[in-house]
Amino acid sequence: MADFDLVVLNGLVVHHDKTEQSDIAVKDGKIAKLVPRGGLNGASATKTIDAQGGMVMPGGVDAHVHLAEPALFGKGKSADDYETGTRSAIAGGTTTVITFAPQRKSEPSLLAALEATHERARDNCYSDYSFHLICSNAGPKAISEFEALREAGISSLKIYMTYEALQLKDSEILDVLFEARKQKIVTMIHAENGAIIDWTIKKLEEKKLFAPKYHVTSHPPVAEIEATYRAISLSGFIDVPILIVHVSSPAAASHISDAQKKGLPVYAETCPQYLFLTRKDLDKPGFEGAKCVCSPPPREGEQDHEGIWQGLENGTFTVLSSDHCPFLYDNTEIGKKACIDDEYPNGHFKYIPNGCPGLETRMALALSANRLPLQKFVEVTSTNAAKLYGLYPQKGALIPGVSDADLTIWYPEGMKEFELTNSMLHHNVDYTPYEGRTMKQWPRYTVLRGQVVWDKDNGGLVGKKGYGQFLKRDVSSLAGPVSEEEWSVEKF
Ligand SMILES: *[C@@H]1O[C@H](CO)[C@@H](O)[C@H](O)[C@H]1NC(C)=O
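Residue numbers run consecutively from 1 along every chain, following the written order of its sequence. For a predicted model such as this one, the threshold for reporting local features is a pLDDT of at least 70, and the threshold for listing and counting side-chain atom pairs is 80 or more; totals across whole chains, interfaces and linings nevertheless cover every residue. Processing note: side-chain calculations cover all non-hydrogen atoms of the structure and skip hydrogens and water entirely.

## Some details on the sheet that holds strand β13 (residues 319-320)
Basically, it comes down to this: The pairing criterion for strands is at least two bridges between them, as found by DSSP. Helix and strand definitions follow DSSP, with helices as H or I runs of at least four residues and strands as E runs of at least two, each counted in order from the N terminus.
The strand order across the open sheet built from eight strands is β6-β7-β8-β9-β10-β11-β12-β13, with neighbouring strands paired in parallel fashion. Of all strands in the sheet, those with a lone pairing partner are β6 (60-65) and β13, marking the two edges. Sheet analysis places strand β10 (residues 186-190) next to strand β11 (residues 242-244), joined by three bridges and oriented parallel. By the bridge assignment for β11, Met188 is matched with Leu243.

## Quick notes on the nonpolar core
We count it as follows: Here, nonpolar core refers to any group of buried Ala, Val, Leu, Ile, Met, Phe, Trp, Tyr and Cys residues whose side-chain atoms link them within 4.5 Å. Only protein chains enter the calculation, and the probe is 1.4 Å; a residue is then buried if its accessible area is under 20% of its type maximum, exposed if over 50%, and partly exposed in between. Domain start and end points were adopted from an automatic or database domain assignment. It only takes one pair of heavy atoms within 4.5 Å for two residues to be counted as in contact.
With 100 residues, the main nonpolar core has Leu133 and Val176 as its most contacted residues. Residue-level mapping places this core at the junction of two domains, with at least three residues from each of domain 1 (4-58 + 391-425 + 438-461) and domain 2 (60-374). Ignoring any residue separated from it by four or fewer positions in sequence, one finds Val176 in contact with Cys135, Ala138, Ile143, Phe146, Leu157, Ile159, Leu168 and Thr187. If you look at the next biggest cluster of nonpolar residues, it comprises 21 residues, including Val61, Tyr160, Leu388 and Leu471.

## Digging into the pairing of β10
Short version of the rule: Consider the strands pointing away from the viewer: the crossover is right-handed when the path from the first strand over the helix to the second runs clockwise.
When you tally the buried positions in β10, you get five out of five residues, the bulk of the element. Burial of the side chains of β10 extends over both faces: Val186, Met188 and His190 are buried on one face and Thr187 and Ile189 on the other. With five bridges joining them, strand β9 (residues 156-160) and β10 adopt parallel strand pairing. Pairing of Ile159 across the sheet is with Ile189, part of β10. In this region the chain leaves β9, passes through helix α5 (residues 170-183) and returns to the parallel neighbour β10; the handedness of that crossover is right-handed.

## Focus on the UniProt feature "domain: Amidohydrolase-related" (unreviewed entry) in the chain
The cut-off we apply is this: UniProt positions are given in the numbering used here, feature names are shortened, and annotations may be inferred rather than shown by experiment.
The UniProt feature table records "domain: Amidohydrolase-related" (unreviewed entry) at residues 55-453. The span residues 55-453 shows a helical share of 33% and a strand share of 16%, and its end C-alpha atoms are spaced 17 Å apart.

## Quick notes on the packing of helix α8 (residues 221-238) against helix α9 (residues 250-261)
As a reminder of what qualifies: Here an angle of 0 to 180 degrees is reported between the N-to-C directions of two axes, which are lines fitted to C-alpha atoms, with helices fitted over the stretch in contact. Roughly parallel covers angles under 35 degrees, roughly antiparallel covers those over 145, roughly perpendicular covers 65 to 115, and oblique covers all other angles. Take the far helix as your reference; a near helix turned counterclockwise from it by less than a right angle gives a left-handed crossing, and one turned clockwise gives a right-handed crossing. Residues were grouped as follows: Ala, Val, Leu, Ile, Met, Phe, Trp, Tyr, Cys and Pro as nonpolar; Asp, Glu, Lys and Arg as charged; and all remaining residues, including Gly, as polar.
Closest axis-to-axis distance for the α8/α9 pair is 8 Å, and the angle between their directions is 15°. As summarised for this structure, α8 and α9 are arranged roughly parallel, according to the angle between their axes. Relative to α9, α8 is oriented so that their crossing is right-handed. Seen from α8, the contacting residues are Glu224, Ile225, Thr228, Tyr229 and Ile232; seen from α9, they are Ala251, Ala252, His255, Ile256 and Ala259. Residue classes in the contact of α8 with α9 are distributed as seven nonpolar, two polar and one charged.

## Quick look at α9
Heads up, the rule is: The span you would expect from a helix comes to 1.5 Å times its residue count less one. Each C-beta atom gives one direction from the helix axis, and the arc is the one those directions make.
Between its terminal C-alpha atoms α9 stretches 16 Å, which fits the 16 Å expected from 12 residues at 1.5 Å a residue. Those residues of α9 not exposed but buried are Ala252, Ala253, Ile256, Ser257 and Ala259. The arc enclosing the buried residues of α9, seen along the axis, measures out at 160°, which places them on a common side. For α9, the elements touching its buried residues are α8, β11 and β12 (266-270). Of the residues flanking the end of α9, it is Gly263, one or two places downstream, whose phi is positive at about 90°.

## Points about the site of the ligand
Note the threshold: If even one non-hydrogen atom of a residue comes within 4 Å of a molecule or strand, that residue is called near it. Under the rule applied, a polar contact is a pair of N or O atoms within 3.5 Å (in protein, one hydrogen donor and one hydrogen acceptor; residues adjacent in sequence only if both atoms are side-chain atoms). Residue burial considers only the protein chains on display, and all accessible areas are found by Shrake-Rupley using a 1.4 Å probe.
The environment of the ligand is made up of Ala253, Ser254, Ser257, Gly307, Gln310, Gly311, Asn314 and Thr316. Separating an oxygen atom of the ligand from a backbone N or O atom of Gly307 is a distance of 2.9 Å. At 2.4 Å from an oxygen atom of the ligand is found a side-chain nitrogen or oxygen belonging to Asn314. Expressed as a share of its isolated accessible area of 360 Å², the protein-covered part of the ligand is 63%. At the level of elements, α9 and α11 (302-313) are the ones that each hand at least two residues to the shell around the ligand.

## Some details on the packing of aromatic side chains
Our working definition: Between 30 and 60 degrees the pair is tilted, below 30 it is stacked and above 60 it is edge-to-face, where a pair is any two Phe, Tyr or Trp rings, Trp via its six-membered ring, whose centres lie within 6.5 Å. A ring is considered to have a charge above it if a Lys NZ or an Arg CZ atom is located within 6 Å of its centre and within 35 degrees of its normal.
Counted under the stated rule, the structure contains 18 aromatic pairs. Aromatic side chains Phe287 and Tyr329 sit 6.1 Å apart centroid to centroid with 25° between the ring planes, which places their arrangement in the stacked category. Remark: Tyr329 occurs in the loop between β13 and α12 (362-368) and Phe287 occurs in the loop between α10 (273-276) and α11; sequence separation between them is 42 residues. Ring pairing ties together the aromatic residues Tyr82, Tyr129, Phe131 and Phe470, which thus form one cluster. Cation over ring: Lys291 sits above Tyr329, and NZ or CZ is 4.8 Å from the ring centre. Its end group placed over the ring of Phe418, Lys456 keeps NZ or CZ at 6.0 Å from the ring centre.

## Description of the domain arrangement of the chain
What counts, and what does not: Summed over both partners, the accessible area (1.4 Å probe) lost when two parts come together is defined as the buried area. The salt bridge definition used is simple: a Lys or Arg side-chain nitrogen within 4 Å of an Asp or Glu carboxyl oxygen.
On domain assignment, one finds that the chain holds domain 1 (4-58 + 391-425 + 438-461) and domain 2 (60-374). One C-alpha centre belongs to domain 1, the other to domain 2, and the line joining them spans 30 Å. The interface of domain 1 with domain 2 comprises 25 residues on the first partner and 21 residues on the second. Summed over both partners, the interface of domain 1 with domain 2 comes to about 1900 Å²; 73% of that surface belongs to carbon and sulfur atoms. The largest per-residue losses of area from domain 1 upon contact with domain 2 belong to Trp410, Leu448 and Leu461, which jointly make up 22% of the total buried on that side. Ionic pairing is found between Lys395 and Asp128, a salt bridge with its closest N-O pair at 2.8 Å.

This is how it looks when you write it as structure tokens:
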């Protein structure tokens, strides 16, 4: 019998904290050995990958993915289910996704939402997976279930400061944060001020401005900046970690950076759409701009992109996630075109389903941009998400005897550039916002728990539906509350 199930030889192995020429041996789905190049000479293995000239990294962890969500408001319904979404993940080098289990406002229980989501995912996944609960009804029942959620391996929740169907009032946000602190749950916050957005939409409607590009106008930076500052203030009052999701504007990032300088456990996420898309992408002939409608919207241009890259480089952003939120474009029932009707024959921006696909392109786009030091790239696309959401060091690391053998193996330096087209991708969406971009990299192999699941030059998608497992998560290993004492109102 062979010593190992798989060996990966001659690669440049990039961790979040070091880069080395190493060989890797895998046994029973785990990293068994990580030794200087040549150190596995003579070992026998069932399968050998020669990664000469290429980079080897811990498998990507995408911590912001929407799959198989029912229409929570408006007409849009996810184009991807757990099967098509997770197959697209592994084809793009992501071995773990954390998706959302949405609770409706009319539904008091979070555990019921969790069970319903388990059902949609079970036996359907190509990648490993876990869920964040979306809490849109923060009543006593939901709050009383936080402890049980933790025991079920769910150590994070998401709440919204906008969208009528999901939005919580400040007092409800405090209720959530208060209990989250007790249960060591990380709260993710969609920080936009819903009232500013609604007010601006009315002003645009008075002028009969309905084109997709007005989506950007209707979500001005001030809505994000104000809500970000408010979220930081509320979490500071309770002294509990939060993560501000999908930050798009550098001015919001600067509030986050200030909070971090004060030592507050404020974490933040950004996404490729805020590095690569701008308002111009929503201002295309006809209805085309609807493809890039997401919230918050892409901002003005280069300067905003620059600020967001800088925030990734300097650690303001903890994670780079996709916010994959897939809607068909050319579909009038559940897709972007569902907002076209007799009243609005050219559509109305406020009814366009909000979201862009990006699970498969997240890592290759960011790597092709050649902007981040490689270790930083690993940190923000894999390691930090694993740490923040209680998966480290099983995920996001390559530690012998400890970490799962999840690997993303890139092409040797100098691979032939190519133009991205939607036809290469494995999601169930009829477009990519990044059509025609020049790509300098793509994962050559993706390995999940020792199995090659993506082999670009030899069969492509070779993983199996159902191989992906649910990951019961521990608590966050990033810094928690500043004070270890119990929160007491008498301190104020
Ligand atoms: C890091 O980047 C953020 C976001 O662009 C910025 O606000 C902050 O000032 C930067 N911090 C440092 C130390 O450069």
